[in-house]
Every structure is written in C-alpha cells, then in structure tokens.
Number of protein chains: 2
Amino acid sequence: MIKLDLSYTGLDYNFQDYSEKIKKINRDIVEKKGKGSEFTGWLELPFNYQDEEIKKIKEVASRLRKISDVVLICGIGGSYLGAKAAIDMIKGNYYQDDVEVIFCGNTFSSNEIVRILKYIEGKEVSINCISKSGQTTETSLAFRVFRQYIENKYGKDGSVERIVITTDEKKGLLRPLIAKKGYDSFVIPDDIGGRFSVITAVGLLPMAIAGIDIDEFIKGIKDSAINYSNEDILKNEAYQYALIRNILHKKGYVSEMYVNYDFTLSSISEWLKQLFGESEGKDGKGILPTSVTNSTDLHSMGQFVQEGSKILFETIINVEEPLEDMEFPNDSENFDEMNYLSGKSLNWINKQAYLATLAAHYEIGKVPNIIINIDKADAYNFGYMVYFFFKALAMSAYILDVNPFDQPGVEIYKANMYKRLGKPGY
Amino acid sequence: MIKLDLSYTGLDYNFQDYSEKIKKINRDIVEKKGKGSEFTGWLELPFNYQDEEIKKIKEVASRLRKISDVVLICGIGGSYLGAKAAIDMIKGNYYQDDVEVIFCGNTFSSNEIVRILKYIEGKEVSINCISKSGQTTETSLAFRVFRQYIENKYGKDGSVERIVITTDEKKGLLRPLIAKKGYDSFVIPDDIGGRFSVITAVGLLPMAIAGIDIDEFIKGIKDSAINYSNEDILKNEAYQYALIRNILHKKGYVSEMYVNYDFTLSSISEWLKQLFGESEGKDGKGILPTSVTNSTDLHSMGQFVQEGSKILFETIINVEEPLEDMEFPNDSENFDEMNYLSGKSLNWINKQAYLATLAAHYEIGKVPNIIINIDKADAYNFGYMVYFFFKALAMSAYILDVNPFDQPGVEIYKANMYKRLGKPGY
C-alpha cells in the first residue's frame, strides 16, 4: 500500500479548485477520449488477466529455472526496466539463488556483449527475448549472438526449450521464427505500450524466472487499479501526486529528482525516468526526471540540492520495511566513537538519515519534497506502486496537454542510425 | 589523450573575447589567490609523488591480492567514486580476476550491509577503510561491522595484515586505532579535498588492488597537468570546456547531461556529478549534473532530450577504443533481417548509434552537445581525463564565482542527523 505525504511541498493549494478539471480528465482517461487513448489497454488489464496465460508463464519460468544457471532477459526500454526494478527491489542486491537473471539486449556495447559471452561460458543458459516488432536493433543484435551461442551449445533441438519469446500476437519478425523453431512464446498486447508493459508477460515472465510471486504482483496491481479509480482528487492520491508535480513545475521547478535510500530501489528511478520522461518530454514540454540514491549521493549531489540552483523538487520513494536488517554491534574499545548507535537497527539509522535530510532540504534548503511511502519491498507493493504511477502519469500528462502514450522523438535518431548502418530501405 | 570537439554547441563565440578573464582566473588558480585555495594541493601533487609511497601502495595491494578473494573498499563520496570510476572503465563489467573489489561504507542500507556479510561468507576477505576524519558515519558504521567480521574470522593478530587504512596524517579517530593495532596506513593530504582525492592514496590503493597500473595512471595525470597548464584559452581545452558550459548555462540551459555509450563509463558520470555538483552547487548557483548511458537510455530519456523542455545540454564522454570487440555474426536464415550488419564490429555499430544520435539531438532537437573524445579505456587515459576535469572545474567554478573546494551544505543534514541519532554533543 501507498501513502502520499504532501506536507513538505511548501505549496499553498486547495484541491477543490482543481476538482472539476481532474474529473474531466479522469473521464477522458476512463472513456478513452484523451490523446493516444488507443494505448490505454492497461486500464482494463488488471481485471482481465487470463488464468491460462498466467499458468503458462509459471510453467515456462519453472522450466527455465530448472535447466538454467543463467537466464538472459533480452530487451530494451520498457522491455526490461520494469522487470529489473521489480527484481532489484524484491530480491535485493547480492541475492543468492540457483538462477541468475542477466539483462542484455539493451546496449550495442561490445564490452558488455563480449563479457557476458565469457561470463556464461560453462554455465547452463536460457534466454527470454522481448520485442514487440522483433526489429529493435539492440535486442535483435544481442538475441542473434546469444541464440547462436545456445544453438551451438545445445544443438538445434536441445535449444528449443531454452529460448522463449515475448512479442506481438501475429505481426513482427519473431512470429515466423517461433513458428519455424517451435519456441514457447507470449503476447505483448497492441493496446499497451512499452512503458506500461511491466504488467504484461513482458514483466511477468522475467519476474517469475527470478522467483517472484506474480500472483501477489497482480493482486497489487488490481487493488491499486480499484483504489486509484476514484475521480475525486480528494480521494485519489495518484491524481494528487500528478497535480502537485505540475503545480511545482509551473512555479519554475524544472526537474524532479527521484530520491531513495537504498540501492535496491535505484532501478525504480530508472523505470520512472522512462515512464515520466518519455511520456511527457515532447512538444518542448516536460519535467526533467533525475535521480539519487541516498545517503550515498548526499556525498555527491547533496550539496547541490541543499544550496545550489533552486530548479528542482524531490520525490522520495520510501519503503518502510527493509528486506534485511541487523543490529549495529557494540565495540568495547570504541575507537570510532560509534557506541552511541550500539543496539540500534541499521534500518532505523537509515530512516533517521532520511528524516534529517528531508528536514534540511525542506526547512533550510527550501526544496519542495513529495513523499511516497510504500509498506514493504514485496511483489504486492511493487504492483500497487506501478499502477499508482500509471494513473498519476496519465493524469499528469493530460494536465500538461501532451499525448502520454507516443514517443515520436525516439524515431528520429533511429532513422539516422539505420542510414549510417546501411540498413536496406534507408 | 583528450580531444575536445565544440562544433556541436550551436554557439557563436570568440575565445579571444574571454582571453583576459581566463588568464586572470588562471593566475588566481596558479598563485593560489582564489576562493578555497588552501585546498589546491592537487595542483602540485602530479609533480610531487613520493617513490616511497607508491612502492608501499604497490606492496600492500600485492599482499591484499595474494591473501584475498574479496577486498572491501570502505568509503563514501570522494573516498570511493574515483576508484570505482577507474575500475569500471579500465577493467570493465563482468571482469574476471582472482580478487573481487566490493565498495561498501557508502550507505546505511541494512539490505546492502547484511547481504555483503552473507556474500563474503566462506571467502578470504580484506578491507581498505578510507576516511579523512574517521568520523564519516556511513563509513565508520560499515568499517566496524566488517572489521569485527574479519577479527572474528582471522583473530586479532591474523587480521592485522588484512586491514589497511587511508586517513589523515595525524588527526582523526583512525590514527589511534592504527597505532594500537599496527595496521598499514596511507595519508590523505590536508590540502586535497575529497572530490580531488582519486589522485592520492585514496584512489591509488583501490586501483592497485584491482590490478590497475598506477604508474600509468600517474603518468596520465602528469602529462595532463602539463598540457592543461597553459593560460591561453586558445591552447587549453580544459578551460575551453569550462567556458563553454558556463556560456550555455547563461543562455538558460540549467542542466548538463553527461552522456556515454557504455555501461563501463557510467561511474565516470557519478564521479563527475560529485566533482561539478558539489563544487558548484552553492549560493543558489550551479548547473544540475545528470547522466545517461546510451543507447540504453535513448529508450527512456531519449524522447525528452529530443523533443522535451529545452533546458539541458549534453556532454559526451566518448572513448574511441573499446576494451573488447567482436564481429556481428552472419545467420543464413536471417529471420531478424540483421544480415546487413554481418561482419561489422559491435564497436563500429555502437559508434554509428552515437553519431546518429548526436546529429538527431543537435540538428533536429537543437540540443547543444559538447564532445570529449578519449583515446582508450586505460589507466593513462583515465588519469589524463581526471586532471582535465580538475582544471576545467576550477576554472568553471571561478567563472561562476563560487568556492569550488568547500561543501557547506553537506554539513546541514549531518547536524540534523546526529541530533536524531542521539550522537553525544548534538
């Protein structure tokens, strides 16, 4: 569950003043009358999951877990950011499991691809390739390299059980391959764009492969979809967040810094950068999303936030209950003069750092802070959070009056690139 | 070596117009008359390395490598960012070595500390603790936890060879501990602040532990110090970079996005965020440093850069020669229609993505781009680059008229935190 805390924004506002506008936009969203509404299939999906599909996802995940030391997840953008955010948050850093999940297909880096090839040598390997069109260059490139590796190692027949594809239902380059080879496959729906695809097989399969309870994830999504369906801004914290960030933007805060206090949450910031940056960064508009992981980055970016240019506000993703905790030990010699913390839990100490920083940034630095409190780092809460941000984003982008669901600017460098690469037809 | 390319800034400027101002500031830097000049010991260090110290660093590193599976580098901010940037760039991701370097002491996260404790179980472990005062809370906390682990495992005597401390020459909490226990230790000079400390034992020892050639690193630093000592802006690319970023800032570009095309360079961006953000983010001033690693992040932040708010310029860190490379393989079936790339090197493909994006962002998106070309991902070039940015930062901060060498804002949250934690005296 999520609790929004707006008491550190420094704003003087009355939600009632915006009530009608929010209701109108909510109607546009629900009735699919807003810009880009053909890509709002994520509105119904929470209530339309097919038992058959979920069952197959679990079966395939279970098989890949059984036969693999490493499962390569081959996708870029929305085809990996959500699953990575989930796994990092729910499993944590340095998690020990029989199966290691490695994200590839998200770079042209020769360093990365060659090193992963070396790293998987001698290990049992499978791959889940995720691409709607089968034409995303980074993903296609890595998929060819690793598919050839797997086919060389296990033979054409032996590799069939190790290659799973998530793609368009009928179209694209991957369907003929699936038909020819007999790979298991899953569908990316036409009406759900990449930034929202973590709630489809795109996110579900990698999460299941990592051992995450996807039933709980779906339960969180559904509860969240119900909770944030209220058209009344007084009762809808997702819409409150959307409104407040736009009010701050209008006041001249051009950047939103996503802040957390744990490395396991850093990938959520990367996912949020895509969700908000790619959805809103168009027509010369949009809030620049940035991120820090504190207290680590208080020792690099803290000075800027505290006393630098007054151009940013902070949005804190605070998870109450940690994955792990321990008591800070006593030391009879106390050379480090740290015994005043003996017996305190590390998580308590981390929380004090967070609260102290919040006060310093807000009260002295005059930096507006929005706080998003999340109960726990588990699959249910991850699903709940994801859908909170979906609803917030749709509302926010319509307040800003942009189409939240397209990304025309991404095509520009691609066309340039294809020309340089000598792709036929360019 | 570094080559600065300013042909994509979109600016109309004449360096001659700034020549006198730059010369004056250069004199302030060299003659130590500028703000905070008591912390410019990094100006002389390139020419004052002590053979004795370098020899000892190599010996200790060699010993730790011999007796360890894992060496924990325990430090935060400037006490880890430089070494991490070096190791990530020069060794690369997934690098295989007998010794693994893990950075700790840079967080209060219970998740991180507990997981590292579990991860090192059964492995041979050593630690290098890096703290000027011995009073940095994150570092002291982790150092106590891991020192106790090592003492429990190897005994008081057996642990002495496994604990190495880098700290103030005489002051601070760590000196009495060193004296009592007999640990090897290295000195952080008084006149070199954290952001510049990568060129001291703070950076040298972890780099040597990771198997990096520190003689080459020092050679790069020295050549760079000589090259960028020229007071004439026409002949000093570090000063050119400093000036151009300030001109862009004045034109309303409030954020500088550090861009690279390889995950191995991502940590350089984190190091740069501290160097520029912490040095310039004061008195309500400063450029907000942000970062992306492309082509990966073109699929999240690319849309914003191309078509979003016109508030940022890009600074590309382009390394010409990769650590690894391979040819993209042919596929007789060509389901993915990627055979047009068969036989091309992955690095060449990555470079086309970079050049295509540069053109799209600059020509169509009208986003100013500064390009910093670096020959190779090796120790020499890393040293050369580090010193380029030192000189650029000093010039840039003085152009902005702030003290580049203090960080008063960092103390504010710390005082708050000590109060909340119940630290004696607060």
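A brief report on the enclosed structure follows.

The rules we used
Residues numbered from 1 in each chain as written. Chains lettered and ligands numbered in written order. Predicted model: local features only at pLDDT ≥ 70, side-chain atom pairs only at ≥ 80, totals over all residues. Heavy atoms only, no water. Least-squares fit on C-alpha atoms with pLDDT ≥ 70 in both. Contact = heavy atoms within 4.5 Å. Buried < 20%, exposed > 50% of the residue type's maximum accessible area, 1.4 Å probe, protein only. Helix = DSSP H or I, 4+ residues; strand = E, 2+ residues; numbered from the N terminus. Pairing = 2+ DSSP bridges. Axes fitted to C-alpha atoms, helices over the stretch in contact; angles between N-to-C directions. Parallel < 35°, antiparallel > 145°, perpendicular 65-115°, else oblique. Left-handed = near helix turned anticlockwise from the far one by under 90°. Nonpolar A, V, L, I, M, F, W, Y, C, P; charged D, E, K, R; others polar. Disulfide = S-S within 2.5 Å. Right-handed = clockwise from strand over helix to strand, strands pointing away.

This paragraph deals with the relation of the copies chain B and chain A. Mapping chain B onto chain A is achieved by rotating through 180° and translating by 0.0 Å along the same axis, at an RMSD of 0.0 Å. The transformation just described matches what one would write down for a two-fold rotation axis. Relative to the rotation axis, the C-alpha of T290 of chain B is the closest in chain B, positioned 3.3 Å from it. Same-surface contact between copies: 100% of interface residues of chain B are shared with the interface of chain A.

Residues and elements named next belong to chain B. Residue alternation in strand 1 (residues 2-5) divides its side chains into a buried set, I2 and L4, and an unburied set, K3 and D5. Relative to strand 10 (residues 369-376), strand 1 runs antiparallel, the two being bridged by 4 bridges. If you follow L4 over to strand 10, its bridge partner there is I372.

All names here are of chain B. Taken in spatial order, the 5 strands make up an open sheet running 1-10-9-7-8, and their pairing is mixed. Where the open sheet ends on each side, the last strands, each with one partner, are strand 1 and strand 8 (288-293). Recorded for the sheet is a direction-independent mean angle of 20° between the axes of neighbouring strands. Where strand 7 (residues 255-260) and strand 9 (residues 312-321) come together, 5 bridges link them in parallel fashion. Looking across to strand 9, one finds that S255 is bridged to L312.

Let us look at the packing of helix 4 (residues 110-119) of chain A against helix 5 (residues 137-158) of chain A. All names here are of chain A. At a minimum axis separation of 11 Å, helix 4 and helix 5 run at an interaxial angle of 20°. It follows that helix 4 is roughly parallel to helix 5 by the angle criterion. Judged by the twist between their axes, the crossing of helix 4 over helix 5 is right-handed. Of helix 5, the residues touching helix 4 (which contributes I113, I116 and L117) are L141, V145, F146 and Y149. Broken down by class, the residue content of the contact of helix 4 with helix 5 amounts to 7 nonpolar, no polar and no charged.

Our focus in this paragraph is the sheet that holds strand 3 (residues 100-104) of chain A. Residue and element names in this part refer to chain A. Strand order in the open sheet formed by 5 strands is 3-2-4-5-6, and the pairing between neighbours is parallel. Since the sheet does not close on itself, it has two edges, and those belong to strand 3 and strand 6 (184-187), each with one partner. Across this sheet, the average inter-strand angle for adjacent strands is 20°, counted without regard to direction. Note: strand 5 (residues 163-167) against strand 6, 4 bridges, orientation parallel. For T167, the partnering residue across the bridge sits in strand 6 and is V187. Here helix 4 sits on the sheet in contact with strand 2 (70-74) and strand 3, set at roughly 155° to strand 3.

A few words on the state of the cysteines. Going through the model one piece at a time under the given rule, you end up with 0 disulfides over all chains. Cysteine C129 of chain A is unpaired, with the sulfur of C74 of chain A as its nearest cysteine sulfur at 4.5 Å. Residue classification places C129 of chain A among the buried positions, given a relative accessible area of 2%. No disulfide involves C104 of chain B; its nearest neighbouring cysteine sulfur is the one of C74 of chain B, lying 4.1 Å away. Using a relative accessible area of 3% as the deciding quantity, one classes C104 of chain B as buried.

All names here are of chain B. When you tally the buried positions in strand 8, you get 6 out of 6 residues, the bulk of the element. Because side chains alternate across strand 8, one face comprises the buried residues L288, T290 and V292, and the other comprises P289, S291 and T293, equally buried. Bridge analysis of strand 7 against strand 8 gives 6 bridges, and the strand direction is parallel. If you follow S255 over to strand 8, its bridge partner there is L288. Following the chain from strand 7 across helix 10 (residues 266-280) to the adjacent parallel strand 8, one finds a crossover that is right-handed.

What follows concerns the environment of V71 of chain A. All names here are of chain A. With respect to the helices and strands, the residue V71 is situated in strand 2. On the basis of relative accessibility, which here comes to 0%, the residue V71 falls in the buried class. Ignoring sequence-local partners within four residues, the contact set of V71 consists of L64, V99, E100, V101, I102, S126 and I209.

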